Amino acid sequence: MENLCEALKNIGLPDESVEFIRKSIDDSKTMDAVIEEIENGKIFDKDSFSEFFRKNFRIIPNISNISQCSENSVRNVVQDNNSDDNKKISDDEKSVAENQDNKKIADTDKADEKKPLSNTEVTQHTASLWKYQPVNPDEPETNEEYIINSLHLPYADIIGASVRGKKHKHDGSDRDDWFEMRDIGEIAVIAVSDGAGSKKFSGIGAKVSCKAAVEAAEKLVMKLHSDGNYEKTIENISAPLNSPEFMNGCGVFADIIQQSVIAAYDAVQNAFEERKSRYEYLEFLKRDMNVRDFSATLLLMITVPVNDEQFVISCQIGDGMIAAVSSFMPCSEAVKLLGEADGGAFAGETDFLTSESMKRRETLMGRTRIARRKISDILIMTDGVADDYYPNASQLSRLYTDLQLNNIIPVRDNPDKKADNDIISRIPEPVSYPWVNDNNIEIAINYSSEIAQSCGISTEDLWQNSAVINAAREKLRKADNISGEKQLKTWLDRKKLSADNLSGEEKLKIWLDNYVERGSFDDRTLVVCSLSGNRG
């Protein structure tokens, strides 16, 4: 314990926070309980410590070198608090990663120097160590392992998918993400939520908050119609951006989205009240229930077309991300973030909908964002996706390219960029890793970073090179139909699907469930709103 505390001090953690850790572990709290306190912001105040805990105290098959905390004693303490199965993953990954960093592999019989493993080889090895466990049957209320949905509006196609994360599959815990979408005439409403992983009933909180938010938004929009104010409001948000009329229209929609968030807050409170005395929930919890057991984030977005632009208003509680993409613009200018993650008082802290401040208008006003511009797509995601493309301002363009490369969203042709056969000839084969649910199945995935590196171009160049993207998409189709036929057919047979008629949301689900990033293990939820008339 003293070794751990000394290491924490060495990375700059204040004495009072180190003392909190010492007391928490001395009191025999589980590591999940300690992490729960950390995530609630009780001890965070440094990015380095946030990153240290995210990478080391989570049960994940990826321990990367932490420059500010290299003491072996820390890792030993961390591993002592994990189960034997998870220790095997962490120890194996740490060994492989350290050998890669040191440019050699230690042989058990002799220290012969060998060729270092590539990042792909390291990931290939560790990906197979994940195991699949069904959700604990003792849980009183569970979610489906996957959910998908879609909406088709005159001006947009919207697809969404949520998948159970690798860590949840490995330890038999439930998926705690959720999303909802609804069309209200020409208006689309989308809600996404991520239940706090350390909270036993956070998945319930995520589900009821999303449902309540979109239902409240629908009722409020319909009231605009019944009161005869809808047309005037749409006219106002179409007015010049600096006009009083535009500000009035924004105020109406701000009221709608903030009332909808408050409705979600009330729904979570009601979910707690309905269950707090029920035996099956208390027996599973092994203690009295608290509303914080239902903690979840909430990202709510409303969009409506105005002339040749798109009006978007959003409100975000907690982490995750909402972003507008203009695919016809240069890569560096194409992404506009419409939210701000980690809105707590300290770095690494995440606010949740269960906080009483989330029913106050002044709090929600600071979390409301409005944009009106030409947009090709809107992306709404939980942190299970957003963290894989961090920092979001510069990396969400890579996410968008990955969606194109994997045949999930259409490609915007760029006639100014001629096909270069030399570059196209260097496009690598799609990469396959073992599927957590069944290690005998591998699904081919395209990665923009891999393609750009192999082709000798930047990811910014790839962004505007539709010829390369289309060629990679075709190579993926061939991989699905030829080299990956057995694996993909097995996967699809289980779902009673055909590779020839997969819907966009089904493709999105398969991709979310199978793409691999080192250190990525959480539930993944992503909703993509593709605006058909705004592709430049």
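Note that the structure is a prediction, hence the values are computed from the model and not measured.

## A short note on the pairing of strand β3 (residues 177-184)
Phase 1 of the analysis: Burial runs high along β3: six of the eight residues are buried.
Phase 2 of the analysis: Both β3 and strand β4 (residues 187-194) contribute to a ladder of eight bridges, which runs antiparallel. From the neighbouring strand, tryptophan 178 faces β4, where its bridge partner is serine 193.
Phase 3 of the analysis: Hairpin connection of β3 to β4: two residues between the antiparallel strands, including glycine 185 at a positive phi of 65 degrees.

## Considering the packing of helix α9 (residues 202-226) against helix α11 (residues 244-275)
Each packed pair of helices is defined by two parameters, the angle between the axes and the distance between the axes.
Phase 1 of the analysis: Viewed as axis vectors pointing N to C, α9 and α11 meet at an angle of 140 degrees, and their least axial separation amounts to 7 Å. The orientation of α9 with respect to α11, classified from their angle, is oblique. Considering only the axes of α9 and α11, their crossing is right-handed. Side by side, α9 and α11 meet where Ile204, Gly205, Val208, Ser209, Ala212, Ala213, Ala216, Ala217, Leu220, Val221 and Leu224 of the first sit next to Val252, Ile256, Gln259, Ser260, Ala263, Ala264, Ala267, Val268, Ala271 and Arg275 of the second.

## What to know about the pairing of strand β7 (residues 321-325)
Phase 1 of the analysis: Of all five residues making up β7, five are buried, and the element is well covered by its neighbours.
Phase 2 of the analysis: A two-sided burial pattern is seen for β7, the buried positions comprising Met321, Ala323 and Val325 on one face and Ile322 and Ala324 on the other.
Phase 3 of the analysis: Alignment of β7 against strand β10 (residues 377-381), held across five bridges, turns out to be antiparallel. Residue pairing across strands places isoleucine 322 opposite isoleucine 380, the latter belonging to β10.
Phase 4 of the analysis: Here β7 runs beside strand β8 (residues 335-337); their pairing, made up of three bridges, is antiparallel. Looking at the pairing, alanine 323 lines up with leucine 337 of β8.

## Some remarks on unusual backbone geometry
One can expect most non-glycine residues to show negative phi and most peptide bonds to be in trans.
Phase 1 of the analysis: For the bond from tyrosine 390 to proline 391, the omega torsion is 0 degrees, close enough to zero to count as cis.
Phase 2 of the analysis: Its location among the elements puts proline 391 in the loop between α14 (383-386) and α15 (392-405).
Phase 3 of the analysis: We note that lysine 286 has phi near 65 degrees; this positive angle belongs to a residue other than glycine.
Phase 4 of the analysis: Along the chain, lysine 286 turns up in the loop between α12 (279-285) and β5 (298-306).
Phase 5 of the analysis: Although it is not a glycine, asparagine 307 sits at a positive phi angle of roughly 55 degrees.
Phase 6 of the analysis: Structurally, the position occupied by asparagine 307 is in the loop between β5 and β6 (309-317).
Phase 7 of the analysis: Asparagine 307 sits in the exposed class, given a relative accessible area of 69%.

## So, the side chain of threonine 401
Phase 1 of the analysis: Locating threonine 401 in the fold gives a position in helix α15.
Phase 2 of the analysis: A distance of 2.9 Å separates the side chain of threonine 401 from the backbone oxygen of serine 397, its partner in a polar contact.

## Structural notes on the confidence of the model for the protein chain
Phase 1 of the analysis: Averaged over all residues, the pLDDT of the protein chain equals 81, while 72% of them reach at least 70.
Phase 2 of the analysis: Overall, residues 481-486 carries pLDDT values under 50, and its contacts beyond four positions in sequence, including any with other chains, amount to four contacts.

## Considerations on helix α17 (residues 448-455)
Note that an α-helix has 3.6 residues per turn; residues three or four places apart therefore point the same way.
Phase 1 of the analysis: Regarding α17, the residues found buried are Ser448, Ile451, Ala452 and Cys455. For α17, the arc enclosing every buried residue in end-on projection is 95 degrees, short of the 170-degree limit, so these residues lie on one face.
Phase 2 of the analysis: Just downstream of α17 lies glycine 456, where phi reads positive at about 70 degrees.

## Considering the sheet that holds strand β9 (residues 368-373)
Phase 1 of the analysis: Strand order in the open sheet made by the five strands is β3-β4-β5-β6-β9, with antiparallel pairing throughout. A single partner strand is all that each edge strand has here, and the edge strands are β3 and β9. Adjacent strand axes in the sheet meet at a mean angle of 15 degrees when their direction is disregarded.
Phase 2 of the analysis: Here β6 runs beside β9; their pairing, made up of six bridges, is antiparallel. Bridge assignment links glutamine 310 to a residue of β9, and that residue is arginine 373.
Phase 3 of the analysis: Its contacts with the sheet place α9 against β3, β4 and β5, and it is angled at close to 15 degrees to β3.
Phase 4 of the analysis: Each of β4, β5, β6 and β9 is contacted by helix α10 (residues 230-237), which is oriented at about 85 degrees to β5, the strand it contacts most.

## What to know about the sheet that holds strand β1 (residues 146-153)
Phase 1 of the analysis: In spatial order, the strands read β1-β2-β13-β10-β7-β8; together these six strands make up an open sheet with antiparallel pairing. Among the strands making up the open sheet, the edge pair consists of β1 and β8. Neighbouring strand axes in the sheet, compared pairwise and without regard to direction, differ in orientation by 15 degrees on average.
Phase 2 of the analysis: With five bridges joining them, β10 and strand β13 (residues 524-531) adopt antiparallel strand pairing. Across the sheet, residue isoleucine 378 finds its bridge partner in β13, namely cysteine 529.
Phase 3 of the analysis: Docked against the sheet, α15 engages β7, β8, β10 and β13, running at close to 125 degrees with respect to β8.
Phase 4 of the analysis: Where helix α21 (residues 504-514) meets the sheet, it contacts β1, β2 (156-163) and β13, and its direction lies at approximately 35 degrees from that of β2.

## A closer look at the pattern of salt bridges
Pairs can form between side chains of opposite charge whenever their charged atoms are close.
Phase 1 of the analysis: Per the stated rule, a full pass over the model turns up 25 salt bridges.
Phase 2 of the analysis: Each of Glu141, Glu274 and Arg275 takes part in a single network of salt bridges with overlapping partners.

## A short note on the packing of aromatic side chains
Phase 1 of the analysis: Throughout the structure, instances matching the rule amount to nine aromatic pairs.
Phase 2 of the analysis: With centroids separated by 6.2 Å and ring planes inclined at 70 degrees, the aromatic side chains of phenylalanine 272 and phenylalanine 294 adopt a geometry described as edge-to-face. With a gap of 22 residues between them, phenylalanine 272 in helix α11 and phenylalanine 294 in the loop between α12 and β5 connect regions that are remote in the sequence.
Phase 3 of the analysis: The buried category is assigned to phenylalanine 272, whose relative accessible area is 12%.
Phase 4 of the analysis: Judged by its relative accessible area of 0%, phenylalanine 294 falls in the buried class.
Phase 5 of the analysis: Through pairs of rings, three or more aromatic residues link up here, namely Phe201, Phe272, Tyr281, Phe284 and Phe294.
Phase 6 of the analysis: Of note, lysine 509 hangs over the ring of tyrosine 146, and the distance from its end group to the ring centre comes to 4.9 Å.
Phase 7 of the analysis: Cation over ring: arginine 524 sits above tyrosine 515, and NZ or CZ is 3.6 Å from the ring centre.

## Observations regarding the side chain of threonine 233
Phase 1 of the analysis: Here threonine 233 shows up in helix α10.
Phase 2 of the analysis: If sequence neighbours within four positions are ignored, threonine 233 has contacts with Leu224, Gly249, Val252 and Phe253.

Procedures and definitions
Residues numbered from 1 in each chain as written. Predicted model: local features only at pLDDT ≥ 70, side-chain atom pairs only at ≥ 80, totals over all residues. Heavy atoms only, no water. Buried < 20%, exposed > 50% of the residue type's maximum accessible area, 1.4 Å probe, protein only. Helix = DSSP H or I, 4+ residues; strand = E, 2+ residues; numbered from the N terminus. Pairing = 2+ DSSP bridges. Axes fitted to C-alpha atoms, helices over the stretch in contact; angles between N-to-C directions. Parallel < 35°, antiparallel > 145°, perpendicular 65-115°, else oblique. Left-handed = near helix turned anticlockwise from the far one by under 90°. Contact = heavy atoms within 4.5 Å. Polar contact = N/O pair within 3.5 Å; in protein donor to acceptor, adjacent residues only side chain to side chain. pLDDT = per-residue confidence, 0-100. Arc of directions from axis to C-beta. Salt bridge = Lys/Arg side-chain N within 4 Å of Asp/Glu carboxyl O. Phe/Tyr/Trp six-rings, centres within 6.5 Å; stacked < 30°, edge-to-face > 60°. Lys NZ or Arg CZ within 6 Å of the ring centre and 35° of its normal.

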